[in-house]
Structure formats: structure tokens, C-alpha cells
Amino acid sequence: MAVVDFTNTNYEGTAAVPFVAPAILSADTIANGYCTVLDNVRYKTNLRKVSGGTVEGRTCGFAANGSLSVDDVQLVLTELQVNEEICNHELARTWAAEQMRGNYAGVPGDYEQYLAQYVASRVAEDIEKNIWQGKYDHTDGSTSGTGVPVLFDSIMSAYVAGAGTNETLLDGAFTAATPGSGTDTGIATQLAALVADLPDALIGDANTKIYMSRKSFQLYFQFLAADQNNPVLATQMAKFYLGYEIICPAGFPDDTLLASRVDNLYFGTNVLTDHVEARFIDLRNTTGADLTRILMMFDGGTQIVDEASMACVRRSN
């Protein structure tokens with residue numbers, strides 16, 4: 001087997017995009033368009049909301065009958081990095097073992113690519129969780145829960161920091177119980193509360209989506225299967241609630257429901273600027289250690305444009 005020389009395959013600056021961009025943009029929410037992505041942000045950008053404007057009968061003159069108002073919020077990126085180190089011997093053995101799984105294993109032709117794919121998948125997982133759960137504990141809405149991702153403020157933490165304009169809080173975790181069964185945490189009850197909280201602008205809007213975790217979706221499916229006594233019918237019904245499409249991002253928190261348009265939720269990153277970097281450094285050619293180090297530097301952050309244009313049901317304790 002030929003020895004792969006990582007030293008000659010370093011990526012820096014804009015050349016890092018082929019590695020850093022897939023690592024970030026392959027996150028479930030981003031790849032599937034569950035939020036709006038700005039991929040050319042340098043440190044921060046303003047998200048503008050335009051409102052106002054009325055129509056009146058035509059006249060020969062001009063008289064202002066209203067005015068447009070422009071508000072904005074800032075999307076600020078957080079500087080992030082990946083610093084990993086792996087033994088070349090262990091890497092080669094793992095890569096070779098993966099190749100033994102057969103023609104359909106999907107293992108790259110060399111173990112540098114194998115390592116790049118693995119690191120990229122882990123970065124995507126972390127980014128996905130932080131988009132929705134960063135500094136947000138789904139059990140009580142706080143920022144101090146055990147295991148809460150803290151790379152940057154998430155969409156949910158930004159929502160909690162708002163006024164709670166269209167919000168329902170409840171005690172305890174969601175269940176699959178049917179309404180009237182003695183619990184107020186049944187998933188169907190909470191979906192009804194979410195739709196009841198919708199602001200006028202979202203009612204009946206085909207672009208309004210209901211976001212829930214995959215665990216909550218399972219509870220909704222269980223409720224439908226029991227209520228309809230037909231799991232096949234429940235499979236189709238579970239994709240919508242009262243006409244609103246249900247979306248289940250991989251990183252969305254449990255015991256939380258969110259209703260919003262996609263264009264109200266933003267993720268920003270700098271992966272298409274010259275401020276990103278990714279490197280593979282083989283230490284055999286410098287220190288003599290049989291190690292490879294992986295370094296990545298990039299930025300990421302989230303923001304919501306208008307908290308009042310959303311509805312939420314979440315657990316408060």
C-alpha cells in the first residue's frame with residue numbers, strides 16, 4: 001500500500017471550501033432548507049424586516065397615506081474550530097477494515113478521504129444540534145442544562161430571549177396520550193395549542209411549517225395510529241397537522257413545537273469567504289511522530305427575524 005503524504009494536500013484560505021463547506025452545509029437543517037442560509041457572512045450582518053404600506057383609490061395628486069417601516073436584527077457569527085489528532089497506524093487499520101465490508105461499503109479509495117468524510121460528518125452533527133439547541137435546555141428553557149450544546153446561540157435560545165408573544169408553556173414532557181385522558185401533555189393537545197397561538201399572518205399560510213423533534217413526531221404517529229386504529233393511514237396523516245407541513249430536523253429539541261415560515265429563521269456562516277481554513281498535517285515529516293492533525297476554522301451563528309411572527313409550545317419545567 002502506498003503511503004499517503006498529507007503534507008502535500010493541505011488546504012488553506014478559499015481552497016478550504018471543498019472540505020469546510022460540505023462539513024457545515026451537510027447538516028440536516030441546512031441541506032434540506034429547513035431554515036434560510038447565508039453562506040457569505042463576515043462576522044455579522046443585518047436581517048431587515050419591512051412592514052407597512054396601504055392601498056387607496058387613485059387620484060391625480062400625491063398624498064402619503066402610510067409609510068413603510070424598516071426594522072432589523074443582527075446575525076452575529078461565532079468563531080469555531082476543529083482540532084483533532086489521530087495515529088496514522090490506527091487510521092490505516094480502520095480504513096482497511098472498512099474496505100473489507102464489500103463493494104457497497106462506500107469507503108473512499110484512500111484513508112485521507114475516509115478521515116475527511118468522518119470529520120465532516122461529525123462537524124455536521126454538531127452544527128445541526130447547535131442550530132436548534134445551542135444554549136437551550138428543552139426541559140426548562142434555560143441555558144444551563146446538562147449536555148446543552150454551547151457553540152453559539154440557537155434559534156430556540158433566540159426565541160426564548162424574545163417576548164414570548166405567541167407562546168404556550170407546559171409542565172412535563174410530551175406524551176402520546178389522547179385528549180381527555182387525564183394529561184395536558186399529549187402531543188395532539190400541544191399541536192392544537194400551537195395552532196391556536198398562530199399569529200394572524202401565519203394562519204392558513206402554505207409556507208408556515210411546524211417544527212418538532214423526531215421523538216415528538218414518533219409520539220404524534222403513535223397517537224394517530226391508536227386514534228385511527230390504522231398505522232398505514234397514520235403514516236400519511238402524520239406529515240401534516242390541520243394542513244400545516246410537519247418538519248423534523250435532526251437537531252430539533254424534544255418537548256418543543258415551533259411554527260414559523262422558513263424565511264424567518266436564519267443560519268449564517270463564512271464558508272464561502274476567504275476567512276476559513278482546513279488543514280491535514282502529517283507530523284512524520286516535521287516532528288517524526290506517526291500522527292496526523294486535522295485543523296478547521298470557520299464561523300457560524302443563527303438568528304430569527306421576528307419573534308412575533310412565530311408560535312411556540314415548549315416545556316418550562
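This one's a predicted model, so the numbers in the text were calculated from it and none came from an experiment.

(A) Up close: the overall build of the protein. Looking only at helices and strands, one finds eight helices and 13 strands in the protein. Per-residue burial for the protein yields a buried fraction of 42% across its 317 residues. For the protein, the proportion of contacts with a sequence separation of at least 24, taken over those separated by at least 6, is 74%. Carbon and sulfur atoms provide 50% of the accessible area of the protein, an area that totals close to 16,000 Å².

(B) Structural view of the pattern of salt bridges. According to the stated counting rule, one finds 12 salt bridges in the structure shown. Across the salt bridge formed by Asp153 and Lys135, the nearest N and O atoms sit 3.5 Å from each other. One end of the pair, Asp153, is in the loop between helix 4 (111-133) and helix 5 (155-160); the other, Lys135, is in the loop between helix 4 and helix 5, with 18 residues separating them in the sequence. Sharing partners across several salt bridges, the network here consists of Asp205, Arg261 and Asp263.

(C) Expanded view of the side chain of Ser216. Counting through the fold element by element, Ser216 comes out in helix 7 (residues 214-228). Excluding anything up to four places from it in sequence, Ser216 contacts Phe174, Ile187, Asp254 and Asp255.

(D) Broad picture of the sheet that holds strand 7 (residues 240-241). As summarised here, the arrangement of the six strands in space is 5-13-9-6-8-7, forming an open sheet in which the pairing is mixed. Where the open sheet ends on each side, the last strands, each with one partner, are strand 5 (167-170) and strand 7. Judged from the three bridges that link them, strand 6 (residues 208-212) and strand 8 (residues 244-247) form a sheet pairing that is parallel. The partner of Ile210 across the bridge, within strand 8, is Ile246. Against the sheet, helix 6 (residues 187-196) makes contact with strand 5, strand 6, strand 7, strand 8, strand 9 (256-261) and strand 13 (311-315), and its axis sits at roughly 35 degrees relative to strand 9, the strand it touches most. The strands touched by helix 7 within the sheet are strand 6, strand 7 and strand 8, with strand 6 carrying the most contacts at an inclination of about 100 degrees.

(E) Representation of the side chain of Arg315. Relative to the helices and strands, Arg315 resides in strand 13. A polar contact of 3.0 Å, which involves the side chain of Arg315, links it to the backbone oxygen of Asn317. Beyond its immediate stretch of four places on either side in the chain, Arg315 contacts His138, Thr139, Asp140, Gly141, Leu170, Gly172, Ala173 and Asp255.

(F) Inspection of the environment of Leu75 at higher detail. Counting through the fold element by element, Leu75 comes out in strand 3 (residues 69-76). On the accessibility criterion, Leu75 (0% relative accessible area) is buried. It is 8.5 Å that separates the C-alpha atoms of Leu75 and Tyr43, two residues lying 32 residues apart in sequence. Not counting the four nearest positions on each side in its chain, Leu75 is found in contact with Tyr43, Lys44, Thr45, Leu47, Tyr266, Phe267, Gly268, Gly301, Thr302 and Gln303.

(G) Representation of the packing of helix 6 against helix 7 in the model. The N-to-C vectors of helix 6 and helix 7 enclose an angle of 110 degrees; their axes lie 9 Å apart at closest approach. Judged on the interaxial angle alone, helix 7 and helix 6 are roughly perpendicular. Only Ser216, Leu219, Tyr220 and Phe223 of helix 7 make contact with helix 6, whose side of the interface consists of Ile187, Ala188 and Leu191.

(H) Here's a closer look at the nonpolar core. Formed by 45 residues in total, the largest nonpolar core has its most connected members in Ile127, Leu258, Met296 and Phe298. Elements supplying a minimum of two residues to this core: helix 1 (17-25), strand 4 (78-87), helix 3 (88-99), helix 4, helix 5, strand 10 (265-269), strand 11 (277-282) and strand 12 (291-304). Take this core: its biggest share by element is 10 residues, from helix 4. Within the second largest apolar cluster, 26 residues are counted, among which are Leu224, Tyr244, Leu257 and Ala311.

(I) Highlighting the pairing of strand 13. Most of strand 13 sits inside the fold, with five of its five residues counted as buried. Where strand 5 lies against strand 13, four bridges are found, and the strand directions are parallel. Residue Leu170 lies in a different strand from strand 13, and its bridge partner there is Arg315.

(J) Examining the packing of aromatic side chains more closely. Counted by the stated rule, this structure contains five aromatic pairs. Pairing Phe152 with Phe267 gives two aromatic rings, centres 6.2 Å apart and planes at 50 degrees, and the pair type is tilted. Residue Phe152 is found in the loop between helix 4 and helix 5, and its partner Phe267 is found in strand 10; the two are separated by 115 residues along the sequence. With respect to burial, Phe152 and Phe267 carry one shared label: buried.

(K) Focus on helix 7. Counted at 1.5 Å a residue, the expected span for helix 7 with its 15 residues is 21 Å, and the 21 Å between its end C-alpha atoms agrees. Positioned one or two residues after helix 7, Asn229 has a phi angle of 55 degrees, which is positive.

(L) Geometry of the environment of Asn264. Note that Asn264 resides in the loop between strand 9 and strand 10. Under the relative-accessibility criterion, Asn264 is labelled buried at 6%. Taking the C-alpha atoms as reference, Asn264 lies 8.5 Å from Gln303; in sequence the two are 39 residues apart. With residues up to four places along the chain from it excluded, the contact list for Asn264 reads Gln303, Ile304, Val305, Asp306, Ser309 and Met310.

About the thresholds
Each residue is numbered by its place in its chain's sequence as written, counting from 1. Local features are withheld for residues below a pLDDT of 70 in this predicted model, meaning they are given only at 70 or higher, and side-chain atom pairs are given and counted only at 80 or more; totals for whole chains, interfaces and linings count all residues. As a rule here, side-chain values cover all heavy atoms of the structure and leave hydrogens and water aside. Going along the chain from the N terminus, every DSSP run of H or I of four or more residues is numbered as a helix, and every run of E of two or more is numbered as a strand. Relative accessibility under 20% of the residue-type maximum defines a buried residue, over 50% an exposed one, and the middle range a partly exposed one, all with a 1.4 Å probe and only protein chains included. Between two residues, a contact is recorded if the distance between any of their heavy atoms is within 4.5 Å. In this description, accessible areas are obtained by the Shrake-Rupley approach with a 1.4 Å probe, and a residue is regarded as covered only by the protein chains that are shown. Salt-bridge detection follows one rule: a side-chain nitrogen of Lys or Arg within 4 Å of a carboxyl oxygen of Asp or Glu. Any two strands with at least two DSSP bridges between them are considered paired. Geometry is summarised by axes, namely lines fitted to C-alpha atoms with helices restricted to the contacting stretch, and by angles between N-to-C directions that run from 0 to 180 degrees. Here a polar contact is recorded for every N or O atom pair within 3.5 Å, except that within protein the pair must consist of a potential hydrogen donor and a potential acceptor, and residues adjacent in sequence are included only if both atoms are side-chain atoms. With respect to orientation, any angle under 35 degrees is reported as roughly parallel, any angle over 145 as roughly antiparallel, any angle of 65 to 115 as roughly perpendicular, and every other angle as oblique. We define a nonpolar core as any set of buried Ala, Val, Leu, Ile, Met, Phe, Trp, Tyr and Cys residues linked to one another through side-chain atoms lying within 4.5 Å. Two aromatic rings, drawn from Phe, Tyr or Trp (for Trp, its six-membered ring), form a pair once their centres lie within 6.5 Å of each other, and the interplanar angle then sorts them: stacked below 30 degrees, edge-to-face above 60, tilted otherwise. Expected helix span is given by 1.5 Å per residue-to-residue step, counting one fewer step than there are residues.

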